[in-house]
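Breakdown of the fold
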Amino acid sequence: MSTDPEKHARTRQGRLAGLVIAMTGALWVGATWAGNHWDWPQRTRALVDLAAFGGFAFALIVTWRIWRAGQKDEG
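I will try to describe carefully the structure that is included in this document. Model, not experiment: these values are computed from the prediction.

Examining the overall build of the protein
Regarding its fold elements, the protein presents two helices and zero strands. Taken against the 2.2 N^0.38 rule, which gives 11 Å for 75 residues, the C-alpha radius of gyration of the protein at 17 Å runs more than 25% over that of a compact globule. Judged by the C-alpha coordinates and their principal axes, the protein covers about 55 × 20 × 10 Å. Out of the 75 residues in the protein, the part that is buried amounts to 19%. Summarising the internal contacts of the protein: among those between residues at least 6 apart in sequence, 72% fall at separations of at least 24. By element, 66% of the accessible surface of the protein is carried by carbon and sulfur atoms, the whole surface being about 6,100 Å². Charge separation in the protein, taken as the distance between the mean sites of 9 positive and 6 negative side-chain charges, equals 3 Å.

Observations concerning a nonpolar patch on the surface
A surface patch of nonpolar side chains, about 320 Å² in accessible area, is lined by L19, M23 and L27. Given the relative accessible area of 44%, M23 is considered partly exposed.

Observations concerning the packing of aromatic side chains
Applying the stated rule across the entire model yields two aromatic pairs. Pairing W28 with F56 gives two aromatic rings, centres 5.8 Å apart and planes at 65 degrees, and the pair type is edge-to-face. In this pair, W28 sits in helix α1 (residues 5-37) while F56 sits in helix α2 (residues 42-74), placing the two residues 28 residues apart along the sequence. Here W28 falls in the partly exposed class, since its relative accessible area comes to 33%. Residue class for F56 comes out partly exposed when judged on its relative accessible area of 31%. On the numbers, 5.6 Å between centres and 75 degrees between planes, the contact of W33 with W38 is edge-to-face. With a relative accessible area of 51%, W33 lands in the exposed category.

Regarding the packing of α1 against α2
In contact at an axis separation of 9 Å, α1 and α2 are set at 160 degrees when each is read in the N-to-C sense. Classified by the interaxial angle, the pair formed by α1 and α2 is roughly antiparallel. Pair α1 / α2 crosses with left-handed handedness. Each residue belonging to the contact of α1 with α2 can be placed in one class, and the counts come to 14 nonpolar, nine polar and five charged.

What counts, and at which threshold
- In this convention, every chain numbers its residues from 1, walking through the sequence in written order.
- It should be noted that, the model being predicted, local features are given only for residues of pLDDT at least 70 and side-chain atom pairs only at 80 or more, the latter also being counted only at that level, while totals for whole chains, interfaces and linings use all residues.
- Only heavy atoms go into the side-chain values, all of them from the structure, while hydrogens and water stay out.
- Secondary structure elements follow DSSP: runs of H or I no shorter than four residues count as helices, runs of E no shorter than two count as strands, and numbering proceeds from the N terminus.
- The atom set for the radius of gyration is the C-alpha atoms, and the globule formula is 2.2 Å times the number of residues raised to the power 0.38.
- Using a 1.4 Å probe on the protein chains alone, a residue whose accessible area is under 20% of its type maximum counts as buried, one over 50% counts as exposed, and one in between counts as partly exposed.
- Two residues qualify as a contact provided that any one of their heavy atoms is within 4.5 Å of a heavy atom in the partner residue.
- Residue exposure ignores everything except the shown protein chains as possible cover, and the areas themselves are Shrake-Rupley values with a 1.4 Å probe.
- In this count, Lys and Arg are taken as positive residues and Asp and Glu as negative ones, while His and the chain termini are left out.
- The atoms used to mark charge sites are NZ of Lys, CZ of Arg, CG of Asp and CD of Glu.
- Residues with no salt bridge and a relative accessible area higher than 30% make up the patches, which join like charges within 9 Å and nonpolar side chains (Val, Leu, Ile, Met, Phe, Trp, Tyr) within 5 Å.
- Think of a salt bridge as a Lys or Arg side-chain nitrogen and an Asp or Glu carboxyl oxygen that are within 4 Å of each other.
- To pair, rings of Phe, Tyr and Trp, with the six-membered ring standing in for Trp, must have centres within 6.5 Å; the planes then decide the type, stacked if under 30 degrees apart, edge-to-face if over 60, and tilted in the middle.
- Only the contacting stretch of a helix is used when fitting its axis, a line to C-alpha atoms as for every element, and angles between N-to-C directions run 0 to 180 degrees.
- Orientation categories follow fixed angle ranges, with anything under 35 degrees roughly parallel, anything over 145 roughly antiparallel, 65 to 115 roughly perpendicular, and all other angles oblique.
- Helix crossings get a hand from a simple test, with the near helix turned counterclockwise from the far one by less than a right angle marking a left-handed crossing and a clockwise turn marking a right-handed one.
- Three residue categories are used. Nonpolar comprises Ala, Val, Leu, Ile, Met, Phe, Trp, Tyr, Cys and Pro, charged comprises Asp, Glu, Lys and Arg, and polar comprises the others, including Gly.

Shown next as C-alpha cells:
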C-alpha cells in the first residue's frame, strides 16, 4: 500500500468530487420534481438550478486540479 501523502490527498479529493457530483445530481432531480409537484415559482426553480450549477462547477474544478496534479507528477 502506498504511503505517498500527495497520492492520498488526491484520492480524498477524488472521493469528494464524486460525492459532490452524486449529491448535487440527486438533490437537483429531487428539487426539480418538488418544484413541478408543488408548483414553485420560476425564481425559486432558477435558484435551485443555479445552486446545482455551482455544485457541478465545484466538482469540475476539483477534478481538473486532480488531473493537473497527476500530470505534474508524471513529468
